[in-house]
Amino acid sequence: MQLGSGHEHGSQNGLEIGGDTFVVMAGPCAVESADQLHTIAAAVAGAGAAMLRGGAFKPRTSPESFQGLGVAGLELLAAASRATGLPVVTEVLDPRDVETVARHAAMLQVGSRNMQNFPLLREVGKAGMPVLLKRGAAATIDELLHASDYIRREGNEQIVLCERGVRSFDPSTRYLLDLAAVPVLRERTDLPVIVDPSHGTGRAALVAPMARAALVAGADGLLIEVHNSPATALSDGPQALRPHEFAELLADLRRLVPLCRRRWSRPSAENRATSSPLDDEVIAP
Ligand code: PEP
Ligand code: MN
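Summary of the structure given here. Note that this is a predicted model, so its numbers are computed, not measured.

### Some points on the coordination of the manganese ion (ligand 2)
For the manganese ion (ligand 2), the full set of protein donor atoms is Cys29 (SG), His199 (NE2), Glu225 (OE) and Asp236 (OD), at a range of 2.0 to 2.4 Å. Spacing between the donor residues of the manganese ion (ligand 2) along the chain follows C-x169-H-x25-E-x10-D. Taken together, the positions of Cys29 in the loop between strand 1 (21–27) and helix 1 (34–47) and Glu225 in strand 8 (residues 221–225) put the pair 196 residues apart, joining distant regions of the chain.

As structure tokens, this is what we get:
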């Protein structure tokens, strides 16, 4: 899958997802301010992330919690995309917002809580741009695949599936990250599959080991939450990697990616506004 068309404000670079590539999407759970996003976007770009991920519309369990900056957050994401050269993936919660979000991003995220929001699935299908579809916390793999069929039915085949953990009996981790879902999905679909060890574990200390495991299990990429100040983050602080921890993880993966016969998915050289240690690696396209 080639990314980069269909959006007006963000970076237009065509990066590749799936096949023998490995894509890292990273950024804060929520866009909180211009400063916060600028700092984190520069850090993840400098470490070698291929895409900037951040939420402007946040699905929060309590209506009292920070709901995201909305359109102002989308504008900050588009500006960060231009500054770093990284295409943006961001969540859309409401079918009525799909057009607006699509104008500011390269990829639309449908979150776990909306995996079976069928009007939203149809609408992102019609948007005709890449969609990141996250598995519901209590959804079977069958249900995830059927959800992707709703998007496909609208003529949109550009879908990336994301395993992000399922509800379990054990509070030791926030969710139970189902890494077996990766090879199971591989048997059942040609769609790229990425893994989100941040929500999947809920604890920063567990993110790197599960990220490495996801790569070895055959995932096509990772979604990682990064924050410059996890202690004061407005959402999901406990699971956020600090910028230097994220850079260490990518340095580690740099040795593993070729061993797993993968190439890094990276924005093309002319689009990259930030250099990173991965610039010397074999990259795609
Ligand atoms: C997120 O990606 O920030 C998010 C809310 O994740 P999920 O939908 O998997 O809970
Ligand atoms: Mn989050």
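Now, onward.
### Concerning the pairing of strand 3 (residues 88–91)
By the alternation rule, side chains of strand 3 split into Val88 and Thr90 and Val89 and Glu91, which are all buried. With 2 bridges joining them, strand 2 (residues 51–53) and strand 3 adopt parallel strand pairing. Note on strand 3: the bridge partner recorded for Leu52 is Val88. Assessed by its sense of winding, the connection that carries the chain from strand 2 through helix 2 (residues 71–84) to strand 3 is right-handed. Bridge count between strand 3 and strand 4 (residues 107–110): 3 bridges; the pairing is parallel. Following the sheet pairing, Glu91 is matched in strand 4 by Gln109.

### Description of the pattern of salt bridges
Considering all chains together, one arrives at 15 salt bridges under this definition. Of the charged contacts in the structure, one is a salt bridge between Glu163 and Arg135, with a shortest N-O distance of 2.7 Å. One end of the pair, Glu163, is in strand 6 (residues 159–163); the other, Arg135, is in the loop between strand 5 (131–134) and helix 5 (141–153), and 28 residues separate them in sequence. Judged by its relative accessible area of 7%, Arg135 falls in the buried class.

### Things to note about the side chain of Asn114
Position of Asn114 relative to the elements: it lies in the loop between strand 4 and helix 4 (118–127). Classification of Asn114 as buried rests on a relative accessible area of 12%.

### So, the pairing of strand 4
Remember that side chains alternate between the two faces of the sheet whenever the strand is regular. Because side chains alternate across strand 4, one face comprises the buried residues Met107 and Gln109, and the other comprises Leu108 and Val110, equally buried. Assessed by its sense of winding, the connection that carries the chain from strand 3 through helix 3 (residues 98–104) to strand 4 is right-handed. Across 3 bridges, the pairing between strand 4 and strand 5 is parallel. For Leu108, the partnering residue across the bridge sits in strand 5 and is Val131. Handedness of the crossover joining strand 4 and strand 5 through helix 4: right-handed.

### What about the nonpolar core?
Among the nonpolar cores identified, the biggest contains 66 residues, and Val44, Val124, Leu133, Ile224, Phe246 and Leu253 are the most heavily contacted of them. Residue contributions to this core peak at 6 residues, all from helix 1. Residues contacting Phe246, with those up to four places away along its chain left out, are Val24, Ala26, Val44, Ala47, Ala49, Ile224, Val226 and Leu241. Membership of the second largest hydrophobic core comes to 15 residues, among which are Leu15, Met25, Leu132 and Ile194.

What counts, and where the lines are drawn
Residues numbered from 1 in each chain as written. Chains lettered and ligands numbered in written order. Predicted model: local features only at pLDDT ≥ 70, side-chain atom pairs only at ≥ 80, totals over all residues. Heavy atoms only, no water. Donors = N, O, S within 2.8 Å, 3.2 Å for Na, K, Ca; no water. Helix = DSSP H or I, 4+ residues; strand = E, 2+ residues; numbered from the N terminus. Buried < 20%, exposed > 50% of the residue type's maximum accessible area, 1.4 Å probe, protein only. Pairing = 2+ DSSP bridges. Right-handed = clockwise from strand over helix to strand, strands pointing away. Salt bridge = Lys/Arg side-chain N within 4 Å of Asp/Glu carboxyl O. Core = buried A, V, L, I, M, F, W, Y, C linked by side-chain atoms within 4.5 Å. Contact = heavy atoms within 4.5 Å.

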